[in-house]
Amino acid sequence: MSSAQPSDQKWRLVIHGGAGIIERDRITAGEETAIRAALNRALDAGSEILESGGAALDAVEAAVRVLEDDPHFNAGRGSVFTYEGRIEMDASIMDGRDRNAGAVSGVTGTKNPIGLARAVMEQSPHVFLSREGADQFSREHGLEQAPASWFETAERRRQLDELRARPEAEHFDVHLKYGTVGAVALDRAGHVAAATSTGGLTGKRWGRIGDSPIIGAGCYADDRGCAVSGTGAGEYFIRVGVAHAISDAVRIGHDGAQAAADAAMADVAALGGSGGVIVVTPAGEGVFSFNTSGMYRGEAGPAGRSVALYGDERS
Ligand code: GLY
C-alpha cells in the first residue's frame with residue numbers, strides 16, 4: 001500500500017478574535033457583519049496556505065495578520081489604550097515541529113506584531129523581547145512600521161475615557177470583550193503551530209503584561225500534544241499556564257483535546273477568571289472552549305468552514 005500523498009492529508013485551521021460579554025443586544029448589525037467578514041478573511045488567508053500544502057506556521061501568521069489589520073479586534077490596528085493613552089502590543093508564535101518560539105511585549109510601532117514575534121523566533125537567539133528593545137529589533141530587521149495614528153481608533157479612545165472616569169474598574173476591560181486574536185493550525189505534513197496577538201487590557205498600567213506573549217500561557221504548540229491560543233483575563237491564564245497545560249494533557253494522554261481545554265478553562269474559572277481557548281491537534285481535531293457568553297471564532301478544513309460569535313451558535 002502506498003503512503004498518503006501530501007494532498008491526501010488533512011489540514012485544519014481554527015481562529016479566535018476574542019472572548020467576553022458578546023451578546024446580540026450589545027453588537028450592532030453593522031458590527032456583526034464586519035466581524036464575521038473579517039473572521040472569514042482570516043480563514044481565507046490561512047486556508048489558502050494550508051490547502052496548497054503550506055506550513056501551519058505560515059498559516060497562523062497569515063490569519064493573525066488579517067485580524068491585526070482589522071480595527072474591530074484588540075490587536076494591531078484597533079488595540080486598546082494604556083492608562084496613559086499609548087498603544088503597547090504583545091504577540092507570540094510557536095512552531096510545533098521543534099517548539100521554536102518567539103514573543104514580543106509592549107511594542108509600539110510594528111504594523112503587525114505577530115510578524116515581529118516570528119522575526120524574534122527566526123532571526124534572534126532569543127524567545128522574548130520587550131518594549132524599546134523589541135521596537136529597535138523591529139526597525140533594524142526591516143519590519144513594516146506604522147505611526148500611532150494607524151493603531152488608534154476613536155472607539156478605543158472612548159473606552160479609555162470611560163474607564164478613566166471609573167477608576168475603581170481600572171484593572172478590567174470596560175466592555176469585557178477581551179478582543180485578543182489568535183490562530184492554531186495543522187498542516188498537511190502533520191505539524192501544528194499557534195499564534196496570539198493583543199493590545200492587552202484597556203487602561204493597563206505599570207508595564208502590565210498579560211498571557212498573550214507568554215509561551216505556555218496564551219500560546220503553545222507541540223506536535224506531540226497540540227496547538228493552543230487563548231483569549232481572556234491574562235492574569236488567570238498565566239497562573240494556570242493554560243496553553244501548556246492543555247498541550248501537555250493531550251501529549252501525556254490524560255485527556256482528549258476537548259476535555260483538556262474544558263479542564264483548563266474550569267481551572268481559570270475556579271480562580272475567578274474568564275475567557276476562552278482554541279485548540280488543534282495533530283490528528284486534525286479542532287476545539288473551542290470558553291466560559292464567557294461568546295467568543296469571536298471560526299474554523300476551516302477540507303470539509304468546509306464555520307464562523308460564530310455567540311455562545312449559542314454552532315461552531
Ligand atoms: N489576554 C490578553 C491579556 O490579558 O492581555
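What comes next concerns the included structure. (Residues numbered from 1 in each chain as written. Predicted model: local features only at pLDDT ≥ 70, side-chain atom pairs only at ≥ 80, totals over all residues. Heavy atoms only, no water.)

Quick word on the overall build of the chain
Then, number 1: When you go through the chain residue by residue, the secondary structure sums to nine helices and 12 strands.
Then, number 2: A compact globule built from 315 residues would reach a C-alpha radius of gyration of about 20 Å, and the chain, at 18 Å, matches this within 12%.
Then, number 3: C-alpha atoms of the chain, sized along the principal axes, occupy 70 × 45 × 35 Å.
Then, number 4: Counting across all 315 residues of the chain, residues that qualify as buried make up 57%.
Then, number 5: Contacts spanning at least 24 positions in sequence make up 70% of the contacts within the chain whose residues lie at least 6 apart.
Then, number 6: Summed over all atoms, the accessible surface of the chain reaches about 12,300 Å², with 49% contributed by carbon and sulfur.
Then, number 7: For the chain, the distance from the average site of its 31 positive side-chain charges to the average site of its 43 negative ones is 2 Å. (Helix = DSSP H or I, 4+ residues; strand = E, 2+ residues; numbered from the N terminus. Rg over C-alpha atoms; globule rule 2.2 N^0.38 Å. Buried < 20%, exposed > 50% of the residue type's maximum accessible area, 1.4 Å probe, protein only. Contact = heavy atoms within 4.5 Å. Areas by Shrake-Rupley, 256 points an atom, 1.4 Å probe, with all protein chains shown as cover. Lys, Arg positive; Asp, Glu negative; His and termini not counted. Charge placed at Lys NZ, Arg CZ, Asp CG, Glu CD.)

Concerning the nonpolar core
Then, number 1: Membership of the largest hydrophobic core comes to 50 residues, with the highest contact counts inside it found for L13, I15, L39, F73, I93, Y296 and L309.
Then, number 2: For this core, the leading source of residues is helix 2 (residues 56-69), giving seven residues.
Then, number 3: Aside from chain neighbours lying at most four places away, what touches F73 is G17, I35, A38, L39, L67, G78, S79, R156, G179, V181 and Y296. (Core = buried A, V, L, I, M, F, W, Y, C linked by side-chain atoms within 4.5 Å.)

A short note on unusual backbone geometry
Then, number 1: Of note, R99 is a non-glycine position whose phi angle comes to about 55 degrees, a positive value.
Then, number 2: Mapped onto the fold, R99 is located in the loop between strand 2 (89-95) and strand 3 (100-107).
Then, number 3: Residue R99 is classed as partly exposed on the basis of its relative accessible area of 41%.

Considerations on the pairing of strand 10 (residues 286-290)
Then, number 1: Within strand 10, four of the five residues are buried, leaving the element largely enclosed by the surrounding structure.
Then, number 2: Two strands pair when backbone bridges link them, and strand 9 (residues 275-280) and strand 10 are joined in this way by five bridges, in the antiparallel orientation. Across the sheet, the residue bridging to V279 is V287, located in strand 10.
Then, number 3: Adjacent in sequence and paired antiparallel, strand 9 and strand 10 are bridged by five residues, among which G284 carries a positive phi angle near 95 degrees. (Pairing = 2+ DSSP bridges.)

Some remarks on the pattern of salt bridges
Then, number 1: Summed over the entire model, instances satisfying the criterion amount to 21 salt bridges.
Then, number 2: The partner of R118 in a salt bridge is E122, and the shortest N-O contact between them spans 3.0 Å. Residue R118 and its partner E122 are both found in helix 3 (residues 113-123); the two are separated by four residues, about one turn of the helix.
Then, number 3: One salt-bridge network, held together by shared partners, links D58, E61, R65, R118 and E122. (Salt bridge = Lys/Arg side-chain N within 4 Å of Asp/Glu carboxyl O.)

What to know about the site of the ligand
Then, number 1: Neighbouring the ligand are the residues T180, G200, R208, G210, D211, S212, G232 and G234.
Then, number 2: A distance of 2.7 Å separates an oxygen atom of the ligand from a polar atom in the side chain of R208.
Then, number 3: Within the side chain of D211, one N or O atom sits 2.6 Å away from a nitrogen atom of the ligand.
Then, number 4: Within the complex, 100% of the 200 Å² of free accessible area of the ligand lies under protein.
Then, number 5: Across the shell around the ligand, the residue classes break down as no nonpolar, six polar and two charged. (Near = heavy atom within 4 Å. Polar contact = N/O pair within 3.5 Å; in protein donor to acceptor, adjacent residues only side chain to side chain. Nonpolar A, V, L, I, M, F, W, Y, C, P; charged D, E, K, R; others polar.)

Digging into the packing of helix 1 (residues 29-51) against helix 2
Then, number 1: Here helix 1 crosses helix 2 at 160 degrees, and the two axes come no closer than 8 Å. For the element pair helix 1 / helix 2, the angle class is roughly antiparallel. Classified by chirality, the crossing of helix 2 by helix 1 is right-handed. Residues A38, L39, R41, A42, A45, G46, I49 and L50 of helix 1 form the contact with helix 2, whose participating residues are A56, D58, A59, A62, A63, V66 and L67. (Axes fitted to C-alpha atoms, helices over the stretch in contact; angles between N-to-C directions. Parallel < 35°, antiparallel > 145°, perpendicular 65-115°, else oblique. Left-handed = near helix turned anticlockwise from the far one by under 90°.)

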